[in-house]
Amino acid sequence: MIWETEIVKHANKKMMQKAADLIKAGEIVAFPTETVYGLGADASNAIAVEKIFKAKGRPQDNPLIVHIADQEMLFDCISGPLTKMAQKLIAKFWPGPLTLIFDKSNYIPEETSAGLKTVAIRMPKHPVALDLIKRAGLPLAAPSANSSGYPSPTRAEHVYYDLEGKIPLIVDGGSSQVGIESTVLDIRGEKPIILRPGGITSDDLREVLGEDLVHYEKSTDIEKPVSPGMKYRHYAPHKAVSLLSTEEIQALINNCPADPEKKFRKAIIISKETDFLVRPDCQFKIIRYGSRNNPAKLARKLFSLLRSLDQDRSVKQIYIEKIPEKGLGEAVMNRLQKAALQERPISGGGD
Ligand code: AMP
Ligand code: MG
């Protein structure tokens, strides 16, 4: 099906109702969340969920996060009662950018969980996302609303660029505040495991859970649960991305050839702390993201920057200065490392 994709303002209540009606009728709709834009479908409708995979070109083995607006929806999706740990986390971080893994109920079809017996669930903080879920009256399965593998969308235009003609409607709610995806946490075992760092930091979680937190990608001594989404190259522009230390970036800038015409073949994303090295005649396109100690600012801009540099025809290669893996810096570096992987796997991109 080829759609004439509409972008509608969230303030238009008639259009919000249209978005909800489309979801109820088994179609897919893009909507804003505080992390990134999502591409939502009725989480219990296998045929609707298949449309998400098709529109994104998402690998079939990568399960979707289910978005809910209230406790009743949570209990529809999971089997068994909430553990003490789940209760604590929900009380502290929902609504917000924390996704929790639960054993799933039969309400969630295998298409949504990609064959797993578990389901990933979060309650988004964005009022437009919550309004849409409530109007539809059902949990929404929603990955990021981008073409699989490309940087996630943080504005309605990004979604349009990737999915025009493939989906009927995009609800425009402005720029996403957090800018990177949710933290995914598996709380089924004895030790909680971070499957993906994201908008809620390890420090935030440790405050609630104590020291017993395990980091999936960094750990070698745990029996690893399945997190299929972690194996793919993700968040990546088509152009080569190189992630360099501050010293490497500074050496690159020090050796920058002078070019008054500024042909900008290399784009370099740097911190405020490195900025003093840049000479006015430097040939590189320099993008400043603020302080290395303010990862939240880089998180907000990161995907939008990668997209705009990818679409800038003068730029051939993108370099980014690493930031400390502290606070949100951990999630930002995780995204950058995946974007900088050179090869896409044969089975296609990630999400
Ligand atoms: P996204 O594609 O950005 O929505 O990210 C979803 C992430 O959550 C991916 O890394 C998935 O592998 C992970 N995920 C979703 N459902 C599950 C699940 N049931 N168990 C483990 N990881 C999951
Ligand atoms: Mg995604």
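Here we summarise the structure given alongside this text. On a predicted model such as this, the values are computed, not experimentally measured, just so you know.

**Brief notes about the nonpolar core**
Phase 1: If you look at the biggest cluster of nonpolar residues, it comprises 67 residues, and the most contacted ones within it are L89, W94, F102, I121, L185 and L205.
Phase 2: Sequence-distant contacts of L185, that is, excluding residues within four places in its chain, are made with L89, L98, T99, L100, I101, P192, I193, I194, L205, L209 and L213.
Phase 3: Counting 27 residues, the second-largest nonpolar core is a separate cluster that includes V36, V241, L305 and L309.

**Brief notes about the state of the cysteines**
Phase 1: Tallying each qualifying case throughout the model produces one disulfide.
Phase 2: Paired by a disulfide, C256 and C282 hold their sulfur atoms 2.3 Å apart. Of note, the bridge from C256 to C282 carries an S-S torsion of about 100° and is right-handed in sense. With C256 in the loop between α9 (246-254) and β13 (266-270) and C282 in the loop between β13 and β14 (285-288), this pair connects stretches of sequence that are 26 residues apart.

**Considering empty space enclosed by the protein**
Unoccupied space between atoms shows up once a probe the size of one water molecule is rolled over them.
Phase 1: Throughout the structure, instances matching the rule amount to one cavity of 30 Å³ or more.
Phase 2: By volume, the largest cavity is sized at about 40 Å³.
Phase 3: Lining the largest cavity we find T183, I194, P197, G198, I200, T201, S202, G327, L328, E330 and A331.

**Considering the sheet that holds β13**
Phase 1: The strand order across the open sheet built from four strands is β12-β15-β13-β14, with neighbouring strands paired in parallel fashion. If you trace the sheet from one side to the other, it starts and ends with β12 (240-244) and β14, each paired once. If you compare each strand with its neighbour and ignore which way they point, the axes differ by 20° on average.
Phase 2: When β13 meets β14, the two strands line up parallel, connected through four bridges. Across the sheet, A267 pairs through a bridge with K285, a residue of β14.
Phase 3: Strands β12 and β15 (317-321) of the sheet are contacted by helix α11 (residues 329-340), whose axis makes an angle of about 135° with β12.

**Quick word on the pattern of salt bridges**
Proximity of charged atoms lets side chains of opposite charge pair with each other.
Phase 1: Evaluation of the coordinates by the stated rule reveals 17 salt bridges.
Phase 2: In this structure, K117 engages E110 in a salt bridge whose closest nitrogen and oxygen atoms are separated by 3.0 Å.
Phase 3: With a relative accessible area of 59%, K117 lands in the exposed category.

**Overview of a positive patch on the surface**
Phase 1: A cluster of basic side chains, namely K272, K297, R300 and K301, defines a positive patch on the protein surface.
Phase 2: Take K272: it is sitting in the loop between β13 and β14.
Phase 3: Looking at K272, the relative accessible area reads 55%, which means it is exposed.

The rules we used
Residues numbered from 1 in each chain as written. Chains lettered and ligands numbered in written order. Predicted model: local features only at pLDDT ≥ 70, side-chain atom pairs only at ≥ 80, totals over all residues. Heavy atoms only, no water. Core = buried A, V, L, I, M, F, W, Y, C linked by side-chain atoms within 4.5 Å. Buried < 20%, exposed > 50% of the residue type's maximum accessible area, 1.4 Å probe, protein only. Contact = heavy atoms within 4.5 Å. Disulfide = S-S within 2.5 Å. Helix = DSSP H or I, 4+ residues; strand = E, 2+ residues; numbered from the N terminus. 1 Å grid on protein atoms, 1.4 Å probe; cavity = no way out; pocket = protein on both sides within 12 Å on 5 of 7 lines; lining within 4 Å. Points joined across faces, edges and corners; volume = space filled by probe spheres on them. Pairing = 2+ DSSP bridges. Axes fitted to C-alpha atoms, helices over the stretch in contact; angles between N-to-C directions. Salt bridge = Lys/Arg side-chain N within 4 Å of Asp/Glu carboxyl O. Patch = residues over 30% accessible without salt bridge, like charges linked within 9 Å, V, L, I, M, F, W, Y side chains within 5 Å. Areas by Shrake-Rupley, 256 points an atom, 1.4 Å probe, with all protein chains shown as cover. Lys, Arg positive; Asp, Glu negative; His and termini not counted. Charge placed at Lys NZ, Arg CZ, Asp CG, Glu CD.

So, to be careful, I would describe these as geometric facts and stop short of saying anything about function.
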